[in-house]
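Descriptive analysis of the structure
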Amino acid sequence: MVKVIYVAKDGTRTEVKAQVGDTVMQTALDNDVAGIVGECGGSMMCATCHCYVDDAWTDAAGPRKDGEDDMLDCAADEVKETSRLSCQIQLTPELNGLVVHLPEDQV
Amino acid sequence: MPLAPVNDHVTMDQLTRDPYPIYRRMRAETPVVRVSSVKRTFLTKAAFTKYVKDTPEIFSSNDPNTPMKPAFRAHTLMRKDGAEHRRERMAMQMAYTPKVIKQDWADLYRGIVDDYLDRLPRGETVDMFTEICGPVSAAILTHILGLEGATTEQMQRWSQNLIDGAGNFGWKPEPFAVSDKANDEMDAHFASLEDRHLAEPNNSAFSIMLNAKDPIPKSQIYANLKIAIGGGINEPRDAMATILFGLLTNPEQLEEVKRQEAWGAAFEEGIRWVAPIQASSRLVLEDVQIGGFDIPRGDTVMTIQASSNRDEDLFENGEDYVVFRDKNVHQAFGSGPHHCAGAHIARRTVGEIMIPALFERFPNMSLPDPDAVKWRGFGFRGPINMPITLN
């Protein structure tokens, strides 16, 4: 198990335990974390699981995947350098303690 | 495991008139069931429909042998999988982003809605379905796609002709003759606009596809535009009419929606309650089990998202229009690779612009006789009239 921390736009922190191998999106859905919609179920087709990886974690989370840039253009909120689709971040032991910030709008 | 039970008695006519009591019973008694009249295995629970849509390696959209191909005169992205589908879809996706809507279109859309509302008489009962829901949806789509010059009448007729052709599972010649004529008209109109879109690139879907660095073939650009015409008018039209019905028959909720400006929630609940696209087909590529039944390779399953959206496992009082739900994880936009490409547009145009504009203009409009509203449709569903008194 690893730990993931979701920080909502208003600063609320939600800390959940997650399975290695799961995605940051699926973990949010399984734990009822508000602010991640994930409407397409992780197919990288809806941009409703947008998150900003905390500056301290961007290297560990790795670069954007193939096609992720284009889909991020469809996100409802501002896209920053740290923007990722959380369905494309798969949890590894190295990501234990990962902090992601959530945008105000997903749809 | 056994094969799914067979339902020999439900008819297409019953499903078209009012499928919801049938689905409620199926969810309780036969959530996986082979329906003889439709020749499909119906899946009526949310977990099953989501699983199928999210697992394209087993449940394929790729079926060139449906009437959609002659109706659109193309093998469209709706019936493709994998990289080929993604490439054709992403070729137009930028036109459907929240950013483009906000920057390029929102004011124009508001203007279109206002224009149509200006034409309506006060104090009279008007069929808002034909006067507003249909033409406004068509007018807005014309701009999104970059098809200026097409009338709302043409856009709506083309859309209906394509849908009728694609649903012509009896393979009768007449619907294809009609869709052929529509295809000729669309092809000619598209061709007449190409030079302008190439000379003056803009954020319409047509222009974005034509001016791409590595464009998809012309045949698929045209096919994509036709898919957007077939799929981008009736759905916002039906969603708008359904939401009007839901709000006007629940005046306490309407008051609260106005007070909180909860138009987005009213929109989501409308498409949950009566999903404009009720069912989708997938071809089964390998033997698989769903809900304790063997589903053999070669079978065609039908995800009934209309039913999933009222699944008792997820929704309390799912048969009712209830805006203020704790969670509303409906599947009206589908899931998986074929998740509705127009979802962001629909949320913004219908939810944020059209519905609030209607109530702003006619704050006391009413639906004097809700029983006069007729609902129709199995694959696509919504009201077919909406007699509202405007004041």
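Refer to the structure printed above.
A brief look at the structure comes next. From a predicted model like this one, the values you see are computed outputs, not experimental measurements.

The subject of this paragraph is the interface of chain A and chain B. Counting residues at the interface gives 17 residues for chain A, matched by 24 residues for chain B. Here chain A and chain B share an interface that buries about 1600 Å² over both sides, 51% of which is from carbon and sulfur atoms. Put simply, chain A and chain B have three salt bridges between them. The salt bridge partner of R347 of chain B is E39 of chain A, with a shortest N-O separation of 2.7 Å. Linking chain A with chain B are 13 residue pairs in polar contact (both at pLDDT 80 or more). Classifying every residue of the side of chain A that touches chain B gives nine nonpolar, four polar and four charged.

To continue, consider the sheet that holds strand β4 (residues 59-60) of chain B. All names here are of chain B. Read across the open sheet, the six strands follow the order β1-β2-β3-β9-β6-β4; overall the sheet is mixed. Strands with a single pairing partner mark the edges of an open sheet, and in this sheet they are β1 (6-7) and β4. Bridge count between strand β2 (residues 32-35) and strand β3 (residues 40-43): four bridges; the pairing is antiparallel. Along β3, the bridge assignment pairs V35 with R40.

With that settled, the discussion passes to the pairing of strand β3 (residues 50-53) of chain A. All names here are of chain A. Here β3 shows a buried face lined by H50 and Y52 and a second buried face lined by C51 and V53. As paired elements, β3 and strand β4 (residues 83-85) share three bridges and run antiparallel to each other. Counted as the bridge partner of Y52 is S83 from β4.

Each value, and the rule that gives it
Residues numbered from 1 in each chain as written. Chains lettered and ligands numbered in written order. Predicted model: local features only at pLDDT ≥ 70, side-chain atom pairs only at ≥ 80, totals over all residues. Heavy atoms only, no water. Contact = heavy atoms within 4.5 Å. Buried area = accessible area lost by both parts, 1.4 Å probe. Salt bridge = Lys/Arg side-chain N within 4 Å of Asp/Glu carboxyl O. Polar contact = N/O pair within 3.5 Å; in protein donor to acceptor, adjacent residues only side chain to side chain. Nonpolar A, V, L, I, M, F, W, Y, C, P; charged D, E, K, R; others polar. Pairing = 2+ DSSP bridges. Helix = DSSP H or I, 4+ residues; strand = E, 2+ residues; numbered from the N terminus. Buried < 20%, exposed > 50% of the residue type's maximum accessible area, 1.4 Å probe, protein only.

Coordinates in, geometry out; function isn't part of it.
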